[in-house]
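Descriptive analysis of the structure
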Amino acid sequence: MTNRAPTDSEVAHSRDIIDSAKKKLSPIQAAMDDLAEQAKDILRLIEAHKTSTSSLKTFPPEILVAIFIEYMNIVVDPWTTSTSPESPLVLMWICSRWRGIILDTPQSWTKISSSTPMVNFWLNQSKELPLDLELNLSSGDVSVLDALIPHAHRWERADLVLQSDSNSKLSPVKGRLQSLKRLEILSVDATGFLDFCEGAPQLTELWLKNDFDAATIMLPWEQLQVCTLPGTAATLYALEHAKNIRTCHLDVSTSALGGWMPMHGTFPQLHCPSLNTLIICWRPGDYRINSFFSSLTLPSLQHLEVRLPPPWGSWSPDYDSLPELGPTSSFLEFFERSSSHLSVLTLSELPASTAQLIDYLTFMPSLTSLDIKHTNKYVIEDEFLQRLTLNHANHLLPRLSALSIRGQAEFCEGSLDALIVSRRNINPQDVEVSLLKTSF
């Protein structure tokens, strides 16, 4: 190559070389294009067979069924167990294989609500399996209920919103609820009388979601084992009549406490020989809770949880102004009467000082698990950890093996180390740190 202008002969020679190279390149380029097309065909073939051999395609149907059922049991609202009634339809839209599996799985069609489309289709698909119902009977449309009445023998769980005329609507199911195990009631009109579930032989769980007189409900109270109750006369009536109750959730945190009891009144004495789990939510400042504990005796109590309600609406705890737990005598007397078998205690956001906690725990020598959740005002101090250390002169909770403390804490690491070492030495052969669970 040179910078001088080429001669005519040199230009002609270069053109000959280019033409010759192009002729040699042409078949090579054609072959490359052909190979590229072949490669594309092979890749398409691979992708097609990849799809047919994917793990989802080869999953055994019974595993897919288990996944689908779990999906349809996902909790949407933390206070209920409701799911989208259209969830089987959502799964059917994925592919033809899933559609076939869903249609052949009766368990996919057992959840029915007032908004369920094509309710008769749901009932046919569910075969004779037990039904899980969520029905709003306060609306004028009773078409879903009418379709469900012939299947009353299949009702296993019923979550009902009722009004004064609901009992007449439900009268056809009376005496036919032989499969009913759990009943949930929200009453929008507390004047009605309810006897539709009288004689349900398997009913063991009851959840009253709002304030109304439980005496107006004709239930086989002696069968009930699990109750969730509002802070009203319903609590008193249920605890007096459900003699075999084992688990009770009480919510006395609402602002409408008028039905809970008279401000200066007293509770009747309540003795629940079978109740082993009590979870109670209350709002500090209402010392009627002390009267409640003064009247309560639970000789079989094993699990107790006492907590403040979570912030809701315009109310949230003001931890700087909350009174302490209140007069301790009623609580201490309750623990003295009822804590001989207590093994699990959870205290959540309660305004209790270190000294009060120590007083309470004195009556709980059988405790094996303690969970304290203080996220704001109240702190855990050295004195508390020292009293839980087994080589302390006046140590507490000799059987404690699980401790969880969440929130503010003011103590030295040495106190925590001594506590952990003393607890691990209860059984020298056990060296697992999980014997004592701590979180801060």
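One can find the structure itself at the top, above this paragraph.
Presented here is an overview of the structure given in this document. Since this is a predicted model, take the numbers as computed values, not measurements. (Residues numbered from 1 in each chain as written. Predicted model: local features only at pLDDT ≥ 70, side-chain atom pairs only at ≥ 80, totals over all residues. Heavy atoms only, no water.)

Focus on the overall build of the chain
Going by this rule: Put simply, DSSP H or I for four residues or longer makes a helix, DSSP E for two residues or longer makes a strand, and each gets a number counted from the N terminus. Burial classes: relative accessible area under 20% of the type maximum marks a residue as buried, over 50% as exposed, and values in between as partly exposed (1.4 Å probe, protein chains only). Two residues form a contact once any of their heavy atoms are found within 4.5 Å. For the accessible areas, the method is Shrake-Rupley and the probe is 1.4 Å, while residue cover comes only from the protein chains on display.
Each helix and strand in the chain was counted, giving 14 helices and 16 strands. Split into buried and exposed, the 440 residues of the chain put 42% on the buried side. Once local pairs closer than 6 in sequence are excluded, the contacts in the chain between residues at least 24 apart make up 64%. With the model as given, the accessible surface of the chain reaches about 22700 Å², and the carbon-plus-sulfur share is 56%.

Examining the pairing of strand E5 (residues 205–208)
Quick note on the threshold: Paired strands, as defined in this entry, are two strands with at least two bridges between them according to DSSP.
Where strand E4 (residues 182–187) meets E5, 4 bridges bridge the pair, whose relative direction is parallel. Considered in E5, the bridge of Arg182 is made with Glu205. Sheet analysis places E5 next to strand E6 (residues 226–230), joined by 3 bridges and oriented parallel. Counted as the bridge partner of Glu205 is Val226 from E6.

Some details on the pattern of salt bridges
For the record, the criterion: One speaks of a salt bridge when a side-chain nitrogen belonging to Lys or Arg is within 4 Å of a carboxyl oxygen belonging to Asp or Glu.
Counted under the stated rule, the structure contains 17 salt bridges. In this structure, the salt-bridge partner of Arg157 is Asp159, at a minimum N-O distance of 3.5 Å. The buried category is assigned to Arg157, whose relative accessible area is 8%. Note on Asp159: relative accessible area 9%, which makes it buried.

As for helix H5 (residues 96–103)
Here is the rule we go by: The arc in question is traced by the directions running from the helix axis to the C-beta atoms.
For H5, every residue scored as buried is listed here: Trp98, Ile101 and Ile102. Down the axis of H5, the buried side of the element spans an arc of 100 degrees, and every buried residue falls inside it. Residues of H5 that are buried in the fold lie against helix H3 (61–72) and helix H4 (87–92).

Concerning the pairing of E6
Examined bridge by bridge, E6 and strand E7 (residues 247–252) share 5 bridges and lie parallel to one another. For Thr228, the partnering residue across the bridge sits in E7 and is His249.

With respect to the packing of H3 against H5
Quick reminder of the rule: All axes here are fitted lines through C-alpha atoms, helices being fitted over the stretch that makes contact, and every angle between N-to-C directions spans 0 to 180 degrees. An angle counts as roughly parallel when it lies under 35 degrees, as roughly antiparallel when it exceeds 145, as roughly perpendicular when it falls between 65 and 115, and as oblique in every other case.
The N-to-C vectors of H3 and H5 enclose an angle of 75 degrees; their axes lie 10 Å apart at closest approach. Taken as axis vectors, H3 and H5 run roughly perpendicular relative to one another. Of H5, the residues touching H3 (which contributes Pro61, Leu64, Val65 and Phe68) are Arg97, Trp98, Ile101 and Ile102.

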